[in-house]
There are 2 protein chains.
Amino acid sequence: MAQAASPRRPTIRMVAERAGVSVATVSYVLSGRSSSPTTRVGDETAARVRDAAEALGYVPSSAARAVRTGRTGTVLLSLTMLSDPWSLALVEAVRRATRGTDLTPLVAADADWRPLVRSLQPDVVFIDDADRPGDAALLRTLAASGDRLVVMDPDLAPDGFDVIRNDDHAGCRLLAETLLDRYETVGLLSPNGIARLRPGGRPAAYVEALKARGLPVRPEWCPAAGDDESSAFRAALELLRRADRPQALMATSEYIGQAALGAAGALGLRPGTDIGIASVGNAFATTSRGLGMTSVGPERFFEAVAELLVSRAAGDDGTPPGEHFFEWQVFERESTLGA
Amino acid sequence: MAQAASPRRPTIRMVAERAGVSVATVSYVLSGRSSSPTTRVGDETAARVRDAAEALGYVPSSAARAVRTGRTGTVLLSLTMLSDPWSLALVEAVRRATRGTDLTPLVAADADWRPLVRSLQPDVVFIDDADRPGDAALLRTLAASGDRLVVMDPDLAPDGFDVIRNDDHAGCRLLAETLLDRYETVGLLSPNGIARLRPGGRPAAYVEALKARGLPVRPEWCPAAGDDESSAFRAALELLRRADRPQALMATSEYIGQAALGAAGALGLRPGTDIGIASVGNAFATTSRGLGMTSVGPERFFEAVAELLVSRAAGDDGTPPGEHFFEWQVFERESTLGA
DNA sequence: TTGTAAGCGTTATCAT
DNA sequence: ATGATAACGCTTACAA
């Protein structure tokens, strides 16, 4: 016997009327503060309220709540490249960490977080691209006006917001060294190749490792892999097809690593046996090809970031916002060791 | 000379004060209705307002706006398995479709949409799992109280909300037929194998195709692939390792197809040459292995769904909510044709 | 052309 | 133990 569909979405007022109490009481009961020292609602009343809410299918409007409290119960993940295994790993970690919490993770894929943070007012935001000119100043302003921000950036200094700092450069240097210990020749797959090397960047670490050993840097072994998996695949394919291809490949992102793996497979080259492949990020230990991917990156990174986000969202300002530095280590797996 | 950081997030009132006008005027100017017939704001005033907003870094609170107007400017995508290429393709399509709009796509990964729809009040929601007992009734109620819903489900009937219906069964039957034309033996990789066949489901179509040709259904060729890529990989690997493995494999989801491709590669089997592999969904024409994946599915599906979402969010009730049926066709590509 | 003011659904401070 | 009520930031008739 479903009752006639109510034409309007149920509000707290309707619940109050149905339960024969005031809206204040409903609010107390439903927000769990019905047993605060100041406000103690009777058990029987509370039950009536809950029944009414249930019957009406009432769920508090987070918008209205946000206007009043400033909190939305939302964790915003602004991710430029959602399909990258790295991004997916973070989403999954945050999902786990928010289980049982009243927080909802929301993902904005390849969107501009700048206006979003202000308009959506999430309880905390994760940002993976803050490299536009005015960003440092903007982040400071946002943080100063109460927004909780967790930014991943190699250069930014914390300034009211948290900064995730990865040991990018040293890590990549280490990975390059590791590969050079095992292979005579190592190529590089990075989005922009080795043109216009940014000091402290990942490609730069590769170049430095070569130079430190007195090895030549061969530009034809360092093609631009582009910003998406399919262009990375083409770049990898072309490189691996060369008669003088390197014995190993180092990919500076997970999506590039995946693509390199695919290209090797397409050419019948067995990773770890015919060709060494290593990736940066350590987002996935096991690839879709079932073999372990040698990688460099932090351990338990995603869990750590997720925990930070949750604690910031909860308003934990015990530890002031600052820099979170993640040491990187090399994980040698089948893709360079063989099966 | 950046001014001292304002301690509070800027509100419409601050903008009004700074510009020396009323909040109403600010609202008019910023929401673009400054040239409505009733409310025409002077050019000079408008400019002053915009300058003030700019200077303060003011962005309207979508929460406050939502309380008033009921609109959040948000498209919610509730996706159970975000890492599935199918999901990622939808996200990308929606992102494209909302470009230039004032809509923001937000992804909720593996979350419970039931309370979310009510609390977040998105302008439209896409739902890919509405198979819990009370869902049909709940969806009706939600739709009746004004929520715009687009639900993908094989069984649900539209009832104030839109239903995306795919020609699942016929499509899979067609794919199975196509494979059986080319290969003598075909295995199946579906999440639950062929135990407890749901009539009208994808595995059922496979079984029917076999039976129609008088071919035996061999359970050992239809293992349960599980709900994630790694278990699918293991299942595919085990199946392909059998001495009596089938000549071709049909995967009922994209993530399973990816896994199968990976398993083949791991065993040194060239898809299209040594083993036929086909997938269901048609989310990606080209795999990370660079070869085309034979697939069955609708054409321009993601674009169509994205367009529907945008038009619903815009409040286009010209066409009443209903069923959107997508014909499926087989796309034969290298993974069954050879390179 | 612009301002006044009511009201959206909540929460929280006070009374009662 | 519960209820009035102001306030949150914004939009929108309507008045000026």
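Residues numbered from 1 in each chain as written. Chains lettered and ligands numbered in written order. Predicted model: local features only at pLDDT ≥ 70, side-chain atom pairs only at ≥ 80, totals over all residues. Heavy atoms only, no water.

Engineer: Honestly, the relation of the copies chain B and chain A in this entry has me stumped. Any pointers?
Structural biologist: A rotation about some axis, followed by a shift along it, carries one copy of the chain onto the other. For these two chains of identical sequence, chain B goes onto chain A by a turn of 180° and a shift of 0.0 Å along the axis, with RMSD 0.1 Å. Taken together, the rotation and translation describe the operation of a two-fold axis. A shared binding surface is used by both copies, with 100% of the interface residues of chain B retained as interface residues in chain A. (Least-squares fit on C-alpha atoms with pLDDT ≥ 70 in both. Contact = heavy atoms within 4.5 Å.)

Engineer: Honestly, the sheet that holds strand E6 (residues 186-189) of chain A in this entry has me stumped. Any pointers?
Structural biologist: Working definition: the strands of a sheet are paired by backbone hydrogen bonds and lie parallel or antiparallel to each other. Residues and elements named next belong to chain A. An order of E6-E7-E8-E9-E11 is seen for the five strands of this open sheet, with the pairing classed as mixed. On the outer flanks of this sheet lie E6 and strand E11 (329-331), each paired with one strand and no other. Neighbouring strand axes in the sheet, compared pairwise and without regard to direction, differ in orientation by 20° on average. Inspection of the sheet shows strand E8 (residues 276-280) paired to strand E9 (residues 294-297) by three bridges, in the parallel sense. Within the sheet, the bridge partner assigned to Ser279 lies in E9 and is Ser295. Along the sheet, helix H9 (residues 202-212) makes contact with E6, strand E7 (248-251) and E8, crossing E6 at roughly 165°. (Pairing = 2+ DSSP bridges. Helix = DSSP H or I, 4+ residues; strand = E, 2+ residues; numbered from the N terminus. Axes fitted to C-alpha atoms, helices over the stretch in contact; angles between N-to-C directions.)

Engineer: What is the right way to look at the interface of chain B and chain A in this model?
Structural biologist: A common way to express how large an interface is: the accessible area buried when the components associate. If you look at the interface, chain B gives 49 residues, while chain A gives 49 residues. The junction of chain B with chain A conceals about 3900 Å² of combined surface from both sides, 61% of it contributed by carbon and sulfur atoms. One can count four salt bridges joining chain B with chain A. In this structure, A:Asp110 engages B:Arg99 in a salt bridge whose closest nitrogen and oxygen atoms are separated by 3.9 Å. The tally of links between chain B and chain A comes to eleven residue pairs in polar contact (both at pLDDT 80 or more). Of all elements in the fold, only helix H4 (62-69), strand E1 (74-79), helix H5 (85-98), strand E2 (104-109), helix H6 (113-120), helix H10 (229-241) and helix H11 (254-266) of chain B reach the threshold of two or more residues within the side of chain B that touches chain A. No other element matches E2(B), which puts six residues into the side of chain B that touches chain A. When grouped by side-chain class, the residues that make up the side of chain B that touches chain A number 27 nonpolar, 14 polar and eight charged. (Buried area = accessible area lost by both parts, 1.4 Å probe. Salt bridge = Lys/Arg side-chain N within 4 Å of Asp/Glu carboxyl O. Polar contact = N/O pair within 3.5 Å; in protein donor to acceptor, adjacent residues only side chain to side chain. Nonpolar A, V, L, I, M, F, W, Y, C, P; charged D, E, K, R; others polar.)

Engineer: Even after reading the chapter, I still don't get the environment of A:Ser335, so can you show me in this structure?
Structural biologist: Residues and elements named next belong to chain A. Note that Ser335 resides in helix H13 (residues 334-337). A sequence separation of 215 residues divides Ser335 from Leu120, and the C-alpha atoms of the two residues are 43 Å apart. If we skip the residues at most four places from it in the chain, Ser335 touches Tyr183, Pro271, Gly272, Ile275, Gly276, Ile277, Leu291, Gly292, Met293 and Thr294. Within the structure, Ser335 has its side chain in polar contact with the backbone nitrogen of Thr294 (distance 2.7 Å).

Engineer: Got a minute to help me understand the packing of aromatic side chains in this structure?
Structural biologist: Given two aromatic rings, one states the distance between the centres and the angle between the planes to describe the pair. Within the structure shown, the criterion is met by ten aromatic pairs over all chains. Ring centres of B:Trp86 and B:Phe126 lie 6.3 Å apart, and the angle between their planes is 35°; on these two criteria the pair is classed as tilted. Here the residue B:Trp86 occupies a position in helix H5, and B:Phe126 occupies one in strand E3 (residues 124-127), the gap between them amounting to 40 residues. With a relative accessible area of 14%, B:Trp86 lands in the buried category. Residue B:Phe126 is classed as buried on the basis of its relative accessible area of 0%. Feature note: the residues A:Trp86, A:Phe126, A:Phe301, A:Phe302 and A:Phe326 constitute an aromatic cluster, connected by ring pairs. (Phe/Tyr/Trp six-rings, centres within 6.5 Å; stacked < 30°, edge-to-face > 60°. Buried < 20%, exposed > 50% of the residue type's maximum accessible area, 1.4 Å probe, protein only.)

Engineer: Can you help me understand the packing of helix H2 (residues 23-30) of chain B against helix H3 (residues 43-56) of chain B in this one?
Structural biologist: What describes two packed helices is the angle between their axes and the distance between those same axes. All names here are of chain B. Running from amino to carboxyl end, H2 crosses H3 at an angle of 90°, the nearest separation of the two axes being 10 Å. Considering the angle they form, H2 stands roughly perpendicular to H3. Counted together, Thr25, Val26, Val29 and Leu30 of H2 and Thr45, Ala46, Val49, Arg50 and Ala53 of H3 form the full contact between these two elements. Counted by class, the contact of H2 with H3 contains six nonpolar, two polar and one charged residues. (Parallel < 35°, antiparallel > 145°, perpendicular 65-115°, else oblique.)

Engineer: Please explain the sheet that holds strand E8 (residues 276-280) of chain B as it appears in this structure.
Structural biologist: Residues and elements named next belong to chain B. The strand order E6-E7-E8-E9-E11 describes an open sheet built from five strands, whose pairing is mixed. In this open sheet, the two strands that pair with only one neighbour each are strand E6 (186-189) and strand E11 (329-331). Averaged over all pairs of adjacent strands, the angle between strand axes in this sheet comes to 20°, irrespective of strand direction. In terms of strand pairing, E6 meets strand E7 (residues 248-251) through four bridges, oriented parallel. Directly across from Leu189, in E7, lies its bridge partner Ala251. Packing of helix H9 (residues 202-212) onto the sheet brings it into contact with E6, E7 and E8, and relative to E6 it is tilted by some 165°. The strands that H11 touches are E6, E7, E8 and strand E9 (294-297); relative to E8, the one it contacts most, it runs at about 165°.

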